[in-house]
Amino acid sequence: MTAITLNLNSIIKLTSEQFYQLCEENPDLKLERNANGELIVMPPTGGETGKSNSTANAQIWTWNDRTELGEVFDSSTGFTLPNKADRSPDVSWVEKSRWSALTPEQREKFIPLCPDFVIELVSPSDSLKKSQEKMQEYMENGCRLGWLINRKKREVEIYRPGQDVEVLQSPLTLSGKNVLPGFVLNLQKIWN
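Fair warning: this is a prediction, and the values are worked out from it, not measured in the lab.

**Quick word on the pairing of strand S3 (residues 39–42)**
Reasoning step 1: Alternating residues of S3 divide into Leu39 and Val41 and Ile40 and Met42, and every residue in both groups is buried.
Reasoning step 2: The sheet contact formed by strand S1 (residues 4–6) and S3 spans 3 bridges and is antiparallel. Across the sheet, residue leucine 6 finds its bridge partner in S3, namely leucine 39.
Reasoning step 3: The pairing of strand S2 (residues 30–33) with S3 spans 4 bridges and is antiparallel. Opposite glutamate 32, over in S3, you have isoleucine 40 as the bridge partner.
Reasoning step 4: Where S2 folds back on S3, the antiparallel hairpin that results is connected by 5 residues, among which glycine 37 adopts a positive phi of roughly 85°.

Next comes the structure, spelled out in structure tokens:
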């Protein structure tokens, strides 16, 4: 099952509030919206992808709980990017001062900013090309570091603003370097 893209722009152009309400009223659907306003219906993940998402999220959460440098979000969290796309990265992190600058109302709905860090895991239903385009979109909207993890190929693409994509084959760990100081993702738990 692959993602389905719906273009309703000739019928209705949903505002951010209307899109949020659509998601709230259809909690069984995982919806995203690209910068052109097209709706993307994402299928649920399979067991291995869900397990890998949880593994990555738990590692980042544990690091963040210790450092208290920001906030960690799971794949259910919506972000409204500066280009007006609404995205839900598999794992994301926002630096503490940026999170603190949001109003309580902004924190309750889709977060009106691009995360500082994202992880996307390529699931069997994902198009690699679309996943790469999504990673580029994050970078163009202010993300400082992104990892696209392809379990099947045991490959990681590292995205940084203004730099070429770095591709690693079967790395055992990834370092958050200066974006997530001291954080190291153990990929052995994701590869297995």
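That covers the picture; the talk isn't over yet.
**So, a nonpolar patch on the surface**
Reasoning step 1: A surface patch of nonpolar side chains, amounting to about 440 Å² of accessible area, comprises Ile4, Leu6, Leu8, Ile11 and Ile12.
Reasoning step 2: Mapping isoleucine 11 onto the fold places it in the loop between S1 and helix H1 (16–25).
Reasoning step 3: The class of isoleucine 11 is exposed, set by a relative accessible area of 71%.

**Considering the sheet that holds strand S4 (residues 70–73)**
Reasoning step 1: Taken together, 6 strands build an open sheet; the order of strands is S4-S7-S8-S9-S10-S11 and the sheet is mixed. Two strands lie at the open edges of the sheet, namely S4 and strand S11 (166–169), each paired on one side alone. With direction set aside, neighbouring strand axes in the sheet form an average angle of 15°.
Reasoning step 2: Here strand S8 (residues 117–121) runs beside strand S9 (residues 145–150); their pairing, made up of 5 bridges, is parallel. What sits directly across from valine 118, in S9, is glycine 146.
Reasoning step 3: Those strands touched by helix H2 (residues 47–67) are S4, strand S7 (91–95) and S8, and its axis lies near 165° from that of S4.
Reasoning step 4: Relative to the sheet, helix H5 (residues 128–140) contacts S8, S9 and strand S10 (155–159), its axis offset from that of S9 by approximately 170°.

The rules behind these values
Here, residues in each chain are numbered from 1, in the same order as that chain's written sequence. Local features are withheld for residues below a pLDDT of 70 in this predicted model, meaning they are given only at 70 or higher, and side-chain atom pairs are given and counted only at 80 or more; totals for whole chains, interfaces and linings count all residues. Water and hydrogen atoms were dropped before computing side-chain values, which therefore reflect all heavy atoms in the structure. Exposure classes here rest on a 1.4 Å probe applied to the protein chains alone. A residue is buried below 20% of its type maximum, exposed above 50%, and partly exposed in between. Secondary structure counts use DSSP, requiring at least four H or I residues in a row for a helix and at least two E residues in a row for a strand, with both numbered from the N terminus. Pairs of strands are assigned from DSSP output, requiring at least two bridges between the strands. Exposure above 30% relative accessible area and no salt bridge define the residues that can form patches, which grow by joining like charges within 9 Å and nonpolar side chains of Val, Leu, Ile, Met, Phe, Trp and Tyr within 5 Å. Surface accessibility follows the Shrake-Rupley procedure with a 1.4 Å probe radius. Residue values consider only the protein chains on display as shielding. Throughout this description, the term salt bridge denotes a Lys or Arg side-chain nitrogen within 4 Å of a carboxyl oxygen of Asp or Glu. Here the axes come from fitting lines to C-alpha atoms, over the contacting stretch only for helices, and the angles between their N-to-C directions go from 0 to 180 degrees. For this analysis, residues touch if any pair of their heavy atoms sits within 4.5 Å.

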